[in-house]
Amino acid sequence: KAGVTQTPRYLIKTRGQQVTLSCSPISGHRSVSWYQQTPGQGLQFLFEYFSETQRNKGNFPGRFSGRQFSNSRSEMNVSTLELGDSALYLCASSYWTGGSYEQYFGPGTRLTVT
Amino acid sequence: KQEVTQIPAALSVPEGENLVLNCSFTDSAIYNLQWFRQDPGKGLTSLLLIQSSQREQTSGRLNASLDKSSGRSTLYIAASQPGDSATYLCAVRRDQGGSEKLVFGKGTKLTVNP
């Protein structure tokens, strides 16, 4: 089975621009979560989608948004980029393991804002 | 608010040594705890998942324990190898259902010297 894939792997943007990141979960996984990883804050939860519905949201400004499609693929969008948005963005998909969901992470998208 | 702490932040050991990584969490009402490994610039690889009702899980040279009442987990690595060099992260999941949100510690960076 193919793992979680994320595109693009690397991205350089300028302040004020917007960006869209894509995540394809493992086949059969219906839940997709997004995390931001920075050296200072570590890994922080952005949001989670399940069956095209946002099920949970972290403490990030409204510039961060996402969506999920009927095939479970997910995108996240960041508008009006700021320097502080430079980070590794990780996507995870999960499935039920007879009592719990176990998360599987993609390789991440490294976003640099200049 | 759940907070996860990992001590030490960095650890350097000679090859062959047995070692213990520590993780503590402030809210004992967790559903499960997951240990991950992250290589530089890469995504997360799940190592072990412990349900709140379990005391430990083992996989090869890795053993993870959980003491929910005291808010602690340990990851034991036996006979460490240079290939074990990576950052190890623990994460807890609170909700029993309806959310995949994980709260992460900031990790322990492990270096195993040949």
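Look above for the structure.
What you see is a predicted model; the values in this text were computed from it and never measured.

How each quantity is defined
Residues numbered from 1 in each chain as written. Chains lettered and ligands numbered in written order. Predicted model: local features only at pLDDT ≥ 70, side-chain atom pairs only at ≥ 80, totals over all residues. Heavy atoms only, no water. Disulfide = S-S within 2.5 Å. Helix = DSSP H or I, 4+ residues; strand = E, 2+ residues; numbered from the N terminus. Pairing = 2+ DSSP bridges. Axes fitted to C-alpha atoms, helices over the stretch in contact; angles between N-to-C directions.

Undergrad: It is not clear to me how the state of the cysteines should be interpreted in this structure. Could you clarify?
TA: Joining two cysteines, a disulfide is a covalent bond between their sulfur atoms. Enumeration according to the criterion identifies 2 disulfides over all chains in this entry. Covalent S-S linkage joins cysteine 23 of chain A and cysteine 91 of chain A, the inter-sulfur distance amounting to 1.7 Å. Torsion about the S-S bond of the cysteine 23 of chain A and cysteine 91 of chain A cystine: about -50°, corresponding to left-handed handedness. With cysteine 23 of chain A in strand E3 (residues 19-24) and cysteine 91 of chain A in strand E9 (residues 87-96), this residue pair connects regions lying 68 residues apart in the sequence. The disulfide that involves cysteine 23 of chain B links it to cysteine 90 of chain B, with 1.9 Å between the sulfurs. Across the S-S bond of cysteine 23 of chain B and cysteine 90 of chain B the torsion is about 70°, and the bridge reads as right-handed. In this pair, cysteine 23 of chain B sits in strand E3 (residues 19-25) while cysteine 90 of chain B sits in strand E9 (residues 86-93), placing the two residues 67 residues apart along the sequence.

Undergrad: Honestly, the sheet that holds strand E1 (residues 5-7) of chain A in this entry has me stumped. Any pointers?
TA: All names here are of chain A. If you trace the 4 strands from one edge of the open sheet to the other, you get E1-E3-E8-E7, paired in antiparallel fashion. Strands at the two margins of the open sheet, each flanked by one partner only, are E1 and strand E7 (64-68). Neighbour-to-neighbour, the strand axes of the sheet open up by a mean angle of 20°, direction not taken into account. Pairing between E7 and strand E8 (residues 74-78): 5 bridges, direction antiparallel. Opposite glycine 66, over in E8, you have methionine 76 as the bridge partner.

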